[in-house]
Structures are given as C-alpha cells and as structure tokens.
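Residue-level listing of the chains:
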Amino acid sequence: MMAVKYQDVFSGFFLLIVSVTMFLATFSFEALTESQVGPDFMPKIIASMMMILSIIIIVNGLKRGKIEKESTGAYQTDEEEGKKSASQDEKKNLLPVMITLGLMIGYFVLIPILGFLIMTALYLFLQMLLLSHKSNRKIWLFAILSIATSTLIYYVFRSVFYVMLPTGIIG
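Residues numbered from 1 in each chain as written. Predicted model: local features only at pLDDT ≥ 70, side-chain atom pairs only at ≥ 80, totals over all residues. Heavy atoms only, no water.

By the naming in an unreviewed UniProt entry, the protein chain goes by Tripartite tricarboxylate transporter TctB family protein and is assigned to Oceanobacillus profundus.

Q: Help me get a handle on the UniProt feature "transmembrane region" (unreviewed entry) in the protein chain, residues and values and all.
A: In the UniProt entry, the feature "transmembrane region" (unreviewed entry) is given for residues 12-29, 41-62, 93-126 and 138-157. Across residues 12-29, helical content stands at 78% and strand content at 0%; the span's end C-alpha atoms are separated by 26 Å. Each end of residues 41-62 is marked by a C-alpha atom, and these two atoms are 32 Å apart; helix forms 100% of the span and strand 0%. (UniProt positions renumbered as here; feature names shortened; annotations may be inferred. Helix = DSSP H or I, 4+ residues; strand = E, 2+ residues; numbered from the N terminus.)

Q: Can you explain the packing of aromatic side chains? Please cite residues and give values.
A: Summed over all chains, the structure comprises four aromatic pairs. Summarising the aromatic geometry, the rings of F23 and F27 are spaced 5.6 Å apart at their centres and angled 80° between planes, so their arrangement reads as edge-to-face. With centroids separated by 6.1 Å and ring planes inclined at 25°, the aromatic side chains of F116 and Y154 adopt a geometry described as stacked. In this pair, F116 sits in helix α5 (residues 116-131) while Y154 sits in helix α6 (residues 139-160), placing the two residues 38 residues apart along the sequence. The exposure classification of F116 matches that of Y154, with both residues buried. An aromatic cluster is defined as three or more aromatic residues linked by ring pairs; in this entry it consists of Y107, F108 and Y123. (Phe/Tyr/Trp six-rings, centres within 6.5 Å; stacked < 30°, edge-to-face > 60°. Buried < 20%, exposed > 50% of the residue type's maximum accessible area, 1.4 Å probe, protein only.)

Q: Now, about α6: what can you tell me, with residues and values included?
A: For α6, built from 22 residues, the straight-helix expectation of 32 Å at 1.5 Å per residue is met to within 8% by its first-to-last C-alpha distance of 31 Å. Buried within α6 we find F142, S146, S150, Y154 and F157. Buried residues of α6, seen end-on, are gathered within an arc of 85° and therefore sit on one face of the element. The exposed residues of α6 that point more than 90 degrees off its buried face are W140, I144, L152 and Y155. Remark: Y162 follows α6 within two positions and exhibits a positive phi of approximately 55°. (Expected span 1.5 Å × (residues − 1). Arc of directions from axis to C-beta.)

Q: Provide a residue-level description of helix α2 (residues 7-25), including the pertinent values.
A: Here α2 spans 27 Å end to end across 19 residues, near enough to the 27 Å set by a 1.5 Å rise per residue. Buried within α2 we find V9, G12 and S19. The buried residues of α2 all sit within an arc of 85° when viewed along its axis, so they share a single face. Pointing more than 90 degrees away from the buried face of α2 are the exposed residues F14, I17 and L24.

Q: Any chance you could break down the packing of α5 against α6 for me, citing the residues and the numbers?
A: At a closest axis distance of 8 Å, the pairing of α5 and α6 adopts a crossing angle of 145°. Crossing handedness for the pair α5 and α6: right-handed. Contacts from F116, L117, T120, A121, L124, F125, M128 and L129 of α5 reach α6 at I139, F142, A143, L145, S146, I147, T149, S150, T151, I153 and Y154. In the contact of α5 with α6, the residues fall into 14 nonpolar, five polar and no charged. (Axes fitted to C-alpha atoms, helices over the stretch in contact; angles between N-to-C directions. Left-handed = near helix turned anticlockwise from the far one by under 90°. Contact = heavy atoms within 4.5 Å. Nonpolar A, V, L, I, M, F, W, Y, C, P; charged D, E, K, R; others polar.)

Q: Could you give an account of the layout of surface pockets, naming the residues involved and the relevant values?
A: The probe, sized like a water molecule, is rolled over the atoms to show the empty space still left. In this structure, the largest pocket occupies an estimated 2000 Å³ of space. Lining the largest pocket we find 47 residues, and of these M22, M50, M104, F108 and Y123 sit closest to its centre. Of all the secondary structure elements, the ones that give two or more residues to the lining of the largest pocket are α1 (2-5), α2, α3 (41-75), α4 (79-114), α5 and α6. Looking at which element gives the most residues to the lining of the largest pocket, the answer is α4, with 13 residues. Of the residues in the lining of the largest pocket, the class split is 38 nonpolar, seven polar and two charged. Structurally, the lining of the largest pocket is a two-domain feature, drawing no fewer than three residues from each of domain 1 (1-74) and domain 2 (90-171). (1 Å grid on protein atoms, 1.4 Å probe; cavity = no way out; pocket = protein on both sides within 12 Å on 5 of 7 lines; lining within 4 Å. Points joined across faces, edges and corners; volume = space filled by probe spheres on them. Domains from an automatic or database assignment.)

Quick look at the structure:
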C-alpha cells in the first residue's frame, strides 16, 4: 500500500535520474559546425525541463501521499479489498508506462534507419493515441499534429541551428 501512495515520488525520482543522465551525456556531443548553438543545445534544455518537472512530480507525490496517509485511517473499512484494488490500479497504470518505454526504445533504435521525420511523426502519433482517452481520440488530428510538429522541428534544426538530424531512408 505504501508503494501505491508514493508511486509519483518513485516515478519522479526515476525521471530525475534519467534527466540528469541525459544532461551529463550532452557534454560528450561533438560540434560539427562553428555555430553558436551546438548539437547539445536542445538536449540540455529538454533535460533541464525534465529535471524541473521531475522535482514538481516528487513534491506533489509527497503532498498527496501525506494527505492519503492522513485520510485513510478514518475511511478504510476493509483493508483486504483496498489492497486488491490498489494492486489492480497499479497494474493498469503500469501498462501505459511500459508501452511508452517500448515506444522510446523503438524510436531510438529505428531513428538511424527510418530518419528523424518519419520516426518522430510516428512516435508522436502513437504516444498521442496511447495517452488520449478512448472517447477523445481524433486520429486525423493526431496525424496532422505529428507530421506538422516533426516537420517544424526538422526545419528549425536544419535551417536555423544548422544541426543535421538523421535522414534515414529519405536521405
């Protein structure tokens, strides 16, 4: 039961570790141009934002865990039923996380082969499908947003920052 109360804290710490690792990894990026903005610019910004959001998740998780701890004593009538429903909720909440992890791994494995444009659009589309509620799924809107976003990011990196992104099969 303790793990369920503080699952956001655990998730926040995991994301914090990932973001710090990601930030530290950016120092090994080689600059291939004389541009002021190097290939480490965006990853550092993303890692920094992830760090900030991770800390917010941890703080909110601690607050919510404390509130649940205070309120469970007065309302809990059947501890066994509470444990069963918590276990089911934990399994239900774990599936999207595992699918997201699989999508991220697939993205990083396939980006050199299929290229940034195709993989980013596909990843964004699948992630939107996964995170949206079944009643709010608008596949055409997700497709348009995914394609437009990946194209815009590709253009900005190539034309503004002069950072080459993997082209893959469209190369």
